[in-house]
Amino acid sequence: MSELQHNHTHSHAHTKEVSNRLAKAIGHLQKVKQMVEDGEDCSDVLVQLAAVKSAINNTGKVILKDHLEHCIVHAVEEGDEEMLQELNNAIDKFMK
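Residues numbered from 1 in each chain as written. Predicted model: local features only at pLDDT ≥ 70, side-chain atom pairs only at ≥ 80, totals over all residues. Heavy atoms only, no water.

1. Some points on a nonpolar patch on the surface
Consideration 1: On the surface, L22, I26 and I56 cluster together into a nonpolar patch covering about 250 Å² of accessible area.
Consideration 2: Note that I26 resides in helix α1 (residues 15-37).
Consideration 3: Residue class for I26 comes out exposed when judged on its relative accessible area of 51%. (Patch = residues over 30% accessible without salt bridge, like charges linked within 9 Å, V, L, I, M, F, W, Y side chains within 5 Å. Areas by Shrake-Rupley, 256 points an atom, 1.4 Å probe, with all protein chains shown as cover. Salt bridge = Lys/Arg side-chain N within 4 Å of Asp/Glu carboxyl O. Helix = DSSP H or I, 4+ residues; strand = E, 2+ residues; numbered from the N terminus. Buried < 20%, exposed > 50% of the residue type's maximum accessible area, 1.4 Å probe, protein only.)

As structure tokens, then:
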């Protein structure tokens with residue numbers, strides 16, 4: 001997380017959607033953990049784990065879109081090039 005403080009809030013249009021998606025991903029991940037503990041078939045575990053990864057990636061896309069629509073628009077309006085660099089760094093880390 002960045003230690004820099006920006007002069008705008010981080011409330012977004014899709015906060016509830018992101019929260020719901022994360023809750024579902026957590027539930028799926030807990031199911032995967034239980035499957036491993038129960039010794040279920042590795043192929044089934046891998047399929048469920050792929051679903052968790054997809055859910056996390058899709059949640060990241062929603063967050064990125066919100067960030068672009070809210071924070072980055074504000075940063076461009078304010079000429080905040082540091083915020084744009086932070087976005088580039090965040091995208092690099094997210095896409096690894």
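2. Topic: a negative patch on the surface
Consideration 1: A surface patch of like charges, here negative, comprises D38, E40, D41 and D44.
Consideration 2: When its relative accessible area of 42% is taken as the criterion, D44 is described as partly exposed. (Lys, Arg positive; Asp, Glu negative; His and termini not counted. Charge placed at Lys NZ, Arg CZ, Asp CG, Glu CD.)

3. Examining α1
Consideration 1: Its 23 residues place the ends of α1 33 Å apart at the C-alpha level, agreeing with the 33 Å of an ideal helix rising 1.5 Å per residue.
Consideration 2: Residues V18, A25, V32 and M35 constitute the buried set of α1.
Consideration 3: Of the residues one or two after α1, G39 is the one with positive phi, at around 70 degrees. (Expected span 1.5 Å × (residues − 1).)

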